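Here's the letter readout for the chains.
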Amino acid sequence: MAKKAETVNMIDRFAEFKELKNIDKTTMISVLEESFRNVLAKMFTTDENFDVIMNPDKGDCEIYQNLEVVPDGEVENPNMEIGLTEAREIDPECEVGEEVSKQIFFQDFGRRAILNLRQTLSSKILDLQKDAVYTKFKELEGEIVTGEVHQIWKKEILLLDEDQNEMLMPKDEQIHSDFFHKGDMVRAIVKMVDNHNNNPKVIVSRTDERFLRQLFEQEVPEVRDGLITIKAVARVPGERAKIAVESYDDRIDPVGACVGIKGSRIHGIVKELRGENIDVISYTTNPKLYIQRALSPAKVNSIRINEEAKKAEVFLHPEEVSLAIGKGGLNIKLASALTGYTIDVYRDIEDNEEDIYLDEFADEIDEWVIEQLKNIGLTTAKAVLNATAAKLEQADLEEDTIQHVLEVLRAEFEDDEEPEEAEENEEEEEK
């Protein structure tokens, strides 16, 4: 009964192999044979004279020990030789000097040998499982996967895919408004797969820009079929994103196809990204037009580009400046990331409007102070002088610094007004 039980245990090991996914039959047989040979080498000092024949479909294997036939009484190494009388019990026609194959029944070697084999097989199975997981997810890098929330920790979430493979989503790879419960199904992109010490670690992300690209591929057939190409993506996860698309077919409007009728296609993407506002623009190789589109919804009057420095100076009507910059500078930040240009926004001053750009005061006001003011949409002297105290506070400057700026700017306009006032006084005296 004991031998029968141990045989069943070995068959269980075979069954476990057969149930493994992503492991081909050839690899399975090779690993099983290697496990048997490792144990045989420990028992017989070598496995070179053994034939191991695997029968995975039946759940067993056959082992044969190849021994040289020697005269009776002259066996020096029983692991390599066999006496003639014993040999003829296996093959009645064998002669001295020939070789016979003696079948070995593994379970005859006792519980310890069986345990050794099972431990070896278990170790090999575990290694194969880890290799299979690493290979599977390495091929899925950059692709969207779905996982069930299994455990929620402070710094990361543990997800399980349909094969119960573990995936980790760190806090910084989650959209800030993401909120999950155990059992929720979550979509994310495979960002990175590490295999340190043969211990695969799968990191998934919902903030990676490739997640947005893949969502468009899933929702927009023209993108999936290659008729529309996503040329660039810039996003602040959960807040806003800009995506530039191009069509290789003149009959297809790339922006319209991505948005869909009444926003039907993009609505699902926005919902998946927790309300992330997505601007879809048509890509162009004309840098001025590209920057103009990227700054949407602001309307641009003119653009001056420095190609070598990858900088662009954009001029707009005063009421358009805040639109171009966006809340918290988000619109201009995304436009810069999308186009690859550092964008500076300026008020387009009318000819009859006496005003001066802040950059003209660089000799009296520190450049970093000017940049702080420009970041909140104040690009000219009068814009600063006419700004409310609350608006100026947004520049995050010290009160003394703000007062210095105001004094410098007021002085400029007072100097311009003095000659006019003097002329008026002279005319009054003459009268």
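Residues numbered from 1 in each chain as written. Predicted model: local features only at pLDDT ≥ 70, side-chain atom pairs only at ≥ 80, totals over all residues. Heavy atoms only, no water.

## Remarks on the overall build of the protein chain
For the protein chain, the count of helices and strands is 15 helices and 15 strands. Looking at the protein chain residue by residue over its 431 residues, the buried ones come to 42%. The long-range share in the protein chain, meaning contacts at least 24 apart out of those at least 6 apart in sequence, stands at 57%. Total accessible area on the protein chain stands at roughly 24800 Å², and carbon and sulfur atoms take up 45% of it. (Helix = DSSP H or I, 4+ residues; strand = E, 2+ residues; numbered from the N terminus. Buried < 20%, exposed > 50% of the residue type's maximum accessible area, 1.4 Å probe, protein only. Contact = heavy atoms within 4.5 Å. Areas by Shrake-Rupley, 256 points an atom, 1.4 Å probe, with all protein chains shown as cover.)

## Some words on the pairing of strand β9 (residues 201–205)
Of all five residues making up β9, four are buried, and the element is well covered by its neighbours. Remark: six residues form the turn of the hairpin made by strand β8 (residues 185–194) and β9, two consecutive strands paired antiparallel; N197 in that turn has positive phi of roughly 55 degrees. (Pairing = 2+ DSSP bridges.)

## Details of helix α8 (residues 264–272)
Helical periodicity: at 3.6 residues per turn, an α-helix aligns residues three or four positions apart in one direction. Residues I266, I269 and E272 constitute the buried set of α8. What you see down the axis of α8 is that its buried residues fit within an arc of 115 degrees, all on one side. Across α8 from its buried face, at more than 90 degrees, point the exposed residues H267 and K271. Of the surrounding secondary structure, the elements contacted by the buried residues of α8 are β8, α5 (209–219), α7 (254–259) and β12 (277–282). Two residues or fewer after α8 comes R274, characterised by a positive phi angle close to 60 degrees. (Arc of directions from axis to C-beta.)

## Some details on the nonpolar core
Soluble globular proteins tend to bury their nonpolar side chains together. Of all hydrophobic cores here, the largest spans 25 residues; its most connected members are I291, L295, V314, L316, L338, I343 and V345. For this core, the secondary-structure elements that each account for two or more residues are β10 (228–236), α9 (287–294), β14 (311–316), α10 (318–325), α11 (330–339) and β15 (342–347). The element that contributes the greatest number of residues to this core is α11, accounting for five residues. Counting 23 residues, the second-largest nonpolar core is a separate cluster that includes I144, F211, A241 and I269. (Core = buried A, V, L, I, M, F, W, Y, C linked by side-chain atoms within 4.5 Å.)

## A short note on the packing of α10 against α11
Their axes nearest at 5 Å, the elements α10 and α11 cross at an angle of 65 degrees. Judged by the angle between their axes, α10 and α11 are roughly perpendicular. For the pair α10 and α11, contact is made by L323, A324 and I325 and by L330, N331 and I332, respectively. Classifying every residue of the contact of α10 with α11 by side-chain character gives five nonpolar, one polar and no charged. (Axes fitted to C-alpha atoms, helices over the stretch in contact; angles between N-to-C directions. Parallel < 35°, antiparallel > 145°, perpendicular 65-115°, else oblique. Nonpolar A, V, L, I, M, F, W, Y, C, P; charged D, E, K, R; others polar.)

## Topic: the sheet that holds β15
Strands sit in the order β13-β14-β15 across an open sheet of three strands; the sheet is mixed. Two strands in the sheet have a free side with no partner beyond their single neighbour: β13 (302–306) and β15. Going from strand to strand, the sheet's axes swing by 20 degrees on average, the running direction of each strand aside. Bridge count between β13 and β14: five bridges; the pairing is antiparallel. Along β14, the bridge assignment pairs I303 with V314. With respect to the sheet, α9 is in contact with β13, β14 and β15, its orientation differing from that of β13 by roughly 120 degrees.

## Concerning the sheet that holds β10
If you trace the three strands from one edge of the open sheet to the other, you get β10-β11-β12, paired in mixed fashion. Across the chains shown, the open sheet's two edge strands, defined by having one partner strand only, are β10 and β12. For this sheet, the mean angle separating the axes of adjacent strands, direction not counted, is 20 degrees. With six bridges joining them, strand β11 (residues 240–247) and β12 adopt parallel strand pairing.

## Description of unusual backbone geometry
Negative phi is the rule for most residues except glycine; trans is the rule for most peptide bonds. S296 connects to P297 through a cis peptide bond whose omega is 15 degrees. One non-glycine residue with positive phi stands out, namely T45, at about 70 degrees. Take T45: it is sitting in the loop between α2 (25–44) and β1 (50–55). Positive phi values are uncommon outside glycine, yet K262 reaches one of about 55 degrees. Within the secondary structure, K262 is located in the loop between α7 and α8. Judged by relative accessible area, K262 falls into the exposed class, the value being 86%.

## Overview of the packing of α5 against α8
Two numbers describe how α5 lies on α8: the axes approach to 10 Å, and their chain directions differ by 145 degrees. The handedness of the crossing between α5 and α8 comes out as right-handed. Along the contact surface, α5 presents F211, L212, L215, F216 and E219, while α8 presents R265, I266, I269 and E272. (Left-handed = near helix turned anticlockwise from the far one by under 90°.)

## Some words on the pattern of salt bridges
If you walk through the whole model with that rule in mind, you get 24 salt bridges. Between E86 and K102 there is a salt bridge, with the nearest N and O atoms lying 3.6 Å from each other. Note that E86 is positioned in helix α3 (residues 84–90) and K102 in strand β4 (residues 99–104), a separation of 16 residues in sequence. When its relative accessible area of 39% is taken as the criterion, E86 is described as partly exposed. For K102, a relative accessible area of 30% gives the class partly exposed. Three or more residues joined by partner-sharing salt bridges are found here, namely D178, R187, R206, E272 and R274. (Salt bridge = Lys/Arg side-chain N within 4 Å of Asp/Glu carboxyl O.)

## A closer look at the environment of Y346
Within the element layout of this structure, Y346 appears in strand β15. Separated by 33 residues in sequence, Y346 and T379 have C-alpha atoms that sit 5.6 Å apart. Beyond its immediate stretch of four places on either side in the chain, Y346 contacts E313, V314, F315, L316, V321, Y357, D359, K374 and T379. Within polar-contact distance, the side chain of Y346 engages the side chain of K374 at 3.4 Å. (Polar contact = N/O pair within 3.5 Å; in protein donor to acceptor, adjacent residues only side chain to side chain.)

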